[in-house]
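The primary structure of each chain is shown beneath.
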Amino acid sequence: MTPPRGRPAAFLDRDGVINVDHGYVVKPEALDFVTGAPAAIRRLNDAGYLVVVVTNQSGVARGYFTEDDVAAFHAHLRDRLASEGARIDAIYTAPHHPDASVAAYRADHPDRKPRPGMILRAFADLDIIRDGSFLIGDKASDIAAAAAAGIPGHLFTGGDLDGFVAAVLAAAADHRAARGHR
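Residues take numbers from 1 onward in each chain, read along the sequence in its written order. Note on the predicted model: pLDDT of at least 70 is required for a residue's local features to be given, and 80 or more for side-chain atom pairs to be given and counted; whole-chain, interface and lining totals, by contrast, use all residues. With hydrogens and water stripped out, all remaining heavy atoms of the structure feed into the side-chain values.

Peer 1: What exactly am I supposed to notice about the overall build of the protein here?
Peer 2: The way it works is that DSSP assigns letters per residue, a run of H or I at least four long becomes a helix, a run of E at least two long becomes a strand, and they are numbered from the N terminus. When helices and strands are counted, the protein shows six helices and five strands. Moving toward the C terminus, one meets the helices and strands of the protein in the order β-α-β-α-α-β-α-β-α-β-α. The C-alpha radius of gyration computed for the protein amounts to 16 Å, which stays within 12% of the reference 16 Å derived for 182 residues, consistent with globular compactness. Overall size of the protein, expressed as C-alpha extent along the three principal axes, is 50 × 30 × 25 Å. Burial classes follow relative accessibility: with a 1.4 Å probe on protein chains only, a residue under 20% of its type's maximum area counts as buried, one over 50% as exposed, and anything between as partly exposed. The buried share among the 182 residues of the protein stands at 43%. Positive: Lys, Arg. Negative: Asp, Glu. His and the chain ends are not part of the count. Note on charges: their place is set at NZ of Lys, CZ of Arg, CG of Asp or CD of Glu. Here the protein contributes 20 positively and 23 negatively charged side chains, and the mean placements of these two sets differ by 5 Å. Using C-alpha atoms as the atom set, the radius of gyration is obtained and then compared with a globule rule of 2.2 Å times the number of residues to the power 0.38.

Peer 1: Please clarify how the pairing of strand β4 (residues 134-137) should be interpreted in this entry.
Peer 2: Each regular strand carries side chains that alternate between the two faces of the sheet. Burial along β4 is two-sided: F134 and I136 facing one way and L135 and G137 facing the other are all buried. When β4 meets strand β5 (residues 153-155), the two strands line up parallel, connected through three bridges. From the neighbouring strand, L135 faces β5, where its bridge partner is G153. The handedness of a crossover follows from its direction of travel: if, with the strands pointing away from the viewer, the path from the first strand over the helix to the second runs clockwise, the crossover is right-handed. Between the parallel pair β4 and β5, the chain is carried across by helix α5 (residues 140-149), and the sense of this crossover is right-handed. We call two strands paired when DSSP finds no fewer than two bridges between them.

Peer 1: I'm lost on the environment of L161 in this one. Help?
Peer 2: Looking at where L161 falls in the secondary structure, it is placed in helix α6 (residues 161-178). Overall, L161 belongs to the buried group, its relative accessible area being 1%. Separated by 92 residues in sequence, L161 and D69 place their C-alpha atoms 26 Å apart. Contact criterion: two residues are considered in contact whenever any of their non-hydrogen atoms come within 4.5 Å of each other. Every residue in contact with L161, bar those within four places of it in the chain, is listed here: V17, V34, T35, G36, A37, A40, I136 and F156.

Peer 1: I'm lost on unusual backbone geometry in this one. Help?
Peer 2: Keep in mind that most residues, glycine aside, have a negative phi and that most peptide bonds are trans. Each neighbour pair has its own omega, and for K113 with P114 the value is 25°, a cis peptide bond. Summarising the element assignment, P114 is placed in the loop between β3 (90-94) and α4 (117-125). Non-glycine residue Y24 carries a positive phi angle of around 55°.

Peer 1: It is not clear to me how the sheet that holds β4 should be interpreted in this structure. Could you clarify?
Peer 2: Spatial strand order, β3-β2-β1-β4-β5: five strands in an open sheet with parallel pairing. The strands lining the two open edges of the sheet, one partner per strand, are β3 and β5. Taken over all neighbouring pairs, the strand axes of this sheet differ in orientation by 20° on average, direction set aside. In this description, a line fitted to the C-alpha atoms serves as the axis of each element, helices being fitted only across the stretch in contact, and the angle between N-to-C directions of two axes falls anywhere from 0 to 180 degrees.

Peer 1: Can you walk me through the nonpolar core in this structure?
Peer 2: In terms of nonpolar packing, the biggest core is built from 34 residues, with I18, L44, F134, I136 and L161 touching the most fellow members. The criterion is simple. A nonpolar core is a set of buried Ala, Val, Leu, Ile, Met, Phe, Trp, Tyr and Cys residues joined through side-chain atoms within 4.5 Å. In terms of nonpolar packing, the next biggest core, distinct from the first, is built from 18 residues, F11, Y92, I119 and A146 among them.

Peer 1: Looking at this model, I keep getting lost on the environment of Y24. Mind explaining?
Peer 2: Residue position: Y24 is located in the loop between β1 (9-12) and α1 (37-46). For the pair Y24 and S58, spaced 34 residues apart in sequence, the C-alpha separation works out to 8.2 Å. If near-sequence neighbours (up to four positions away) are discounted, Y24 is found in contact with S58, G59, R62, Y64 and F65. One polar contact links Y24 to R62, side chain to side chain, over a distance of 3.0 Å. Polar contact is defined as a pair of N or O atoms within 3.5 Å, subject to the rule that within protein one atom must be able to donate a hydrogen and the other to accept it, and that residues adjacent in sequence are counted only when both atoms are side-chain atoms.

Peer 1: How do you make sense of the pairing of β3 when you look at a structure like this?
Peer 2: Residue alternation in β3 divides its side chains into a buried set, A90, Y92 and A94, and an unburied set, I91 and T93. Pairing between strand β2 (residues 50-56) and β3: five bridges, direction parallel. If you follow T55 over to β3, its bridge partner there is T93.

Set out below in structure tokens:
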């Protein structure tokens, strides 16, 4: 039997999971990490997971900021994480909203969670294996997107993200061992 190519992915929501959700966070100076976030991402990197951020950013659709502002924030986020030895492998953003004030973004887009579009695009774009992949989010829409994409979703309700990720990885390892995988 040929081993599967690629690696599993840990899909992470951004606001409320990686950074504190202050409401439409886009200015670099507003980046405050959730407790344990850099360590959690480093743990996922060390465990061999691709780390993929999937984030709704309706502030673009509402005219609060632009896609370039979001990209600049993501560059800052990656730099801050790199300074702590952590890496995000890819970021997918859904800037649309059905009630957008900016007409170009007014859509119930398939990428917008609870739809699974961003996750499915990542599977198509990156060399991700489904077995072992999962999502961590802080809202029911995140968990619904994971389910629609056919991967487990884990609801993070706050606290130490690193401890939460450690428990998710331990449970995944126990599940794989029970199925006879190493």
